[in-house]
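Read off the chains here:
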Amino acid sequence: MATDYAQLIKRIALPAGFSPPATLLFDDIVATVLGREHLVEDVAGINASVDLIAETRGGGWPTEPVTEEGNYIDLVWHECEFREGYSFSYAVHSAGGEYLGCCYFYPLGRRTPLSEELISRDVDVSWWVTPSAYERGYYEKLFLALKQWGTVDFPFSALHFSNRLIPGSLGFAAIDG
């Protein structure tokens, strides 16, 4: 009997004693643990990016502009999941402090239904950037950063990039890296 993975979540497995990094660096990109201190810039960034997020990241969020009250709850949820080691979400800034977007290391099966093909992967990686950051090439640069962070700063060897648009790919299809 074949296993139906579609309703399952594969937890992120980290080695004993591993502490997820609070800060990730790549070129002129600085990612820090996503939290309540990012509320105002996160709301502004999301609301400026609703259509671009749908086009590039895909998924069911956001479907409309967010409020500070609703996003505050999401940020606390991200903090709790980071602390518990369930998922790892980061606010992304330029080295000069400009808010660029967010990136996520999620358990497989959360954003994308788990399948026999995905069961061999370690983590689901996704990200989004603001329209201004997108125009300046940060969507592609953050993809490169995530490839490094996932395999150097985190101990993953098999990343699954679940964004709808993957830099370097033809069309809109998720690829693995």
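Structural data are supplied above this passage.
This report concerns the structure included in the present document. (Residues numbered from 1 in each chain as written. Predicted model: local features only at pLDDT ≥ 70, side-chain atom pairs only at ≥ 80, totals over all residues. Heavy atoms only, no water.)

This part covers the overall build of the protein chain. Counting secondary structure elements, the protein chain contains 4 helices and 6 strands. Going from the N terminus to the C terminus, the protein chain shows its helices and strands as β-β-α-α-β-β-β-α-α-β. Computed over its C-alpha atoms, the radius of gyration of the protein chain comes to 16 Å, within 12% of the 16 Å expected for a compact globule of 177 residues. In terms of its C-alpha atoms, the protein chain occupies a principal-axis envelope of roughly 50 × 40 × 35 Å. Intrachain contacts of the protein chain at a sequence separation of at least 6 include 66% that bridge at least 24 residues. Carbon and sulfur atoms form 55% of the exposed surface of the protein chain, whose accessible area is close to 8,600 Å². Separation between the mean location of the 12 positive side-chain charges and that of the 24 negative ones in the protein chain comes to 5 Å. (Helix = DSSP H or I, 4+ residues; strand = E, 2+ residues; numbered from the N terminus. Rg over C-alpha atoms; globule rule 2.2 N^0.38 Å. Contact = heavy atoms within 4.5 Å. Areas by Shrake-Rupley, 256 points an atom, 1.4 Å probe, with all protein chains shown as cover. Lys, Arg positive; Asp, Glu negative; His and termini not counted. Charge placed at Lys NZ, Arg CZ, Asp CG, Glu CD.)

This brings us to the packing of aromatic side chains. On inspection of all chains with the given rule, the structure shows 16 aromatic pairs. Aromatic side chains tyrosine 104 and tyrosine 106 sit 5.4 Å apart centroid to centroid with 35° between the ring planes, which places their arrangement in the tilted category. Here the two residues tyrosine 104 and tyrosine 106 agree in accessibility, since each one is buried. Aromatic side chains tryptophan 127 and phenylalanine 161 sit 6.1 Å apart centroid to centroid with 90° between the ring planes, which places their arrangement in the edge-to-face category. (Phe/Tyr/Trp six-rings, centres within 6.5 Å; stacked < 30°, edge-to-face > 60°. Buried < 20%, exposed > 50% of the residue type's maximum accessible area, 1.4 Å probe, protein only.)

As summarised here, the arrangement of the 6 strands in space is 1-2-3-4-5-6, forming an open sheet in which the pairing is mixed. Looking at which strands have only one partner, the edges of the open sheet turn out to be strand 1 (23-26) and strand 6 (159-161). Strand-to-strand, the axes of this sheet are offset by a mean angle of 25°, without reference to chain direction. Sheet topology places strand 2 (residues 29-33) next to strand 3 (residues 88-94); 5 bridges connect them, and they run antiparallel. (Pairing = 2+ DSSP bridges. Axes fitted to C-alpha atoms, helices over the stretch in contact; angles between N-to-C directions.)

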